[in-house]
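For reference, the chains in residue letters:
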Amino acid sequence: MTFEFDPRKAALLVVDMQKGFIEEGAAMEVPPGRNIIPNIQTLLTCCRNLDIPVIFTRFVYASEVPNLIGELHPQHKPPVSCCQVGDPSVEIVDDLIPSESELIIDKHGYDAFRGTPLDYALKSQGKNQLIFTGVMTDICVLATVTSALHHEYQSWTIDDATATLWEEVQATTIDLIKRAYGMVSTTSEMIQLLNH
């Protein structure tokens, strides 16, 4: 796929950079997620300076909203309660705290469009191009990238600003996205596009 990038139509998505996934020793820890924080910070700064909307997503497990089929990881359930409603692990990591004007989308599944106001929020601002960052590339990022395609958005997944548990799975997922669902770029390439 090839898309023409237009910063006026773009929004930055920061997927699930939550304490429950990023902090050392967290129950659902994704250690490579800490390595991408500087690149996400770079993209945040650039987008904020250009008045490009930034949207954060959070995976929030709620037993009363059984949006996923089957049983979730036991780490999501008491007594651990990682990323469960009301638990501190739901919060975005301190290095990436959203500003007061930035939207936070809470989702009960992997796809950030499913059962959330994300599509409305983007379309109401005339945004149809999405820049994807965050964790996990092969689960919540991929689910939202594929959903974005079917909601008629063009997407750019930032290879060095997304992460999952295994390098080979990261590479395979990035290849899949590139072949079927959207564009892939590096942080430096996206900064050039944003400032074009």
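See above for the structure.
The notes below deal with the structure included here. (Residues numbered from 1 in each chain as written. Predicted model: local features only at pLDDT ≥ 70, side-chain atom pairs only at ≥ 80, totals over all residues. Heavy atoms only, no water.)

Considerations on the packing of helix H3 (residues 37-49) against helix H7 (residues 187-194)
And then number 1: Direction vectors running N to C along H3 and H7 enclose 5°, while the axes themselves pass 10 Å from each other. When the axes of H3 and H7 are compared, the pair comes out roughly parallel. Each of Asn39, Thr42, Leu43, Cys46 and Cys47 in H3 lies in contact with H7, whose residues at this interface are Thr187, Met190, Ile191 and Leu194.
And then number 2: When its residues are assigned to classes, the contact of H3 with H7 shows six nonpolar, three polar and no charged. (Axes fitted to C-alpha atoms, helices over the stretch in contact; angles between N-to-C directions. Helix = DSSP H or I, 4+ residues; strand = E, 2+ residues; numbered from the N terminus. Parallel < 35°, antiparallel > 145°, perpendicular 65-115°, else oblique. Contact = heavy atoms within 4.5 Å. Nonpolar A, V, L, I, M, F, W, Y, C, P; charged D, E, K, R; others polar.)

So, the sheet that holds strand S1 (residues 10-15)
And then number 1: What the six strands build is an open sheet, ordered S3-S2-S1-S4-S5-S6; its pairing is parallel. This sheet does not close on itself; its edge strands, each paired only once, are strand S3 (103-107) and strand S6 (183-185). When strand polarity is set aside, the average angle formed by the axes of neighbouring strands in this sheet is 25°.
And then number 2: As paired elements, strand S4 (residues 129-135) and strand S5 (residues 154-163) share six bridges and run parallel to each other. Following the sheet pairing, Ile131 is matched in S5 by Trp156. (Pairing = 2+ DSSP bridges.)

Side note on the layout of surface pockets
Gaps between atoms show up when a probe of the same size as a water molecule is rolled over them.
And then number 1: Of the pockets and cavities examined, the largest pocket occupies roughly 250 Å³.
And then number 2: Forming the walls of the largest pocket are 15 residues, and the residues nearest its centre are Phe21, Met28, His73, Met136 and Ile139. (1 Å grid on protein atoms, 1.4 Å probe; cavity = no way out; pocket = protein on both sides within 12 Å on 5 of 7 lines; lining within 4 Å. Points joined across faces, edges and corners; volume = space filled by probe spheres on them.)

Here we look at the pairing of strand S2 (residues 54-59)
And then number 1: Counted residue by residue, S2 has six buried out of six residues, so it is predominantly covered.
And then number 2: Of the two faces of S2, the one holding Val54, Phe56 and Arg58 and the one holding Ile55, Thr57 and Phe59 are both buried throughout.
And then number 3: Relative to S2, S1 runs parallel, the two sharing four bridges. Opposite Val14, over in S2, you have Phe56 as the bridge partner. (Buried < 20%, exposed > 50% of the residue type's maximum accessible area, 1.4 Å probe, protein only.)

Observations concerning unusual backbone geometry
Negative phi characterises most residues that are not glycine, and trans characterises most peptide bonds.
And then number 1: In this structure, Met136 follows Val135 across a cis peptide bond, with omega equal to -20°.
And then number 2: Mapped onto the elements of the fold, Met136 is located in the loop between S4 and helix H5 (137-150).
And then number 3: Residues other than glycine seldom take positive phi values, yet Cys83 does so here, at roughly 65°.
And then number 4: Among the secondary structure elements, Cys83 is positioned in the loop between S2 and S3.

Some words on the pairing of S4
And then number 1: For S4, the tally of buried residues reaches seven of seven residues, placing the bulk of the element in the interior.
And then number 2: Here S1 pairs with S4 via six bridges, running parallel. Across the sheet, residue Val15 finds its bridge partner in S4, namely Gly134.
And then number 3: Handedness of the crossover is the feature at issue here: the chain leaves S4, passes through H5, returns alongside S5, and the resulting connection is right-handed. (Right-handed = clockwise from strand over helix to strand, strands pointing away.)

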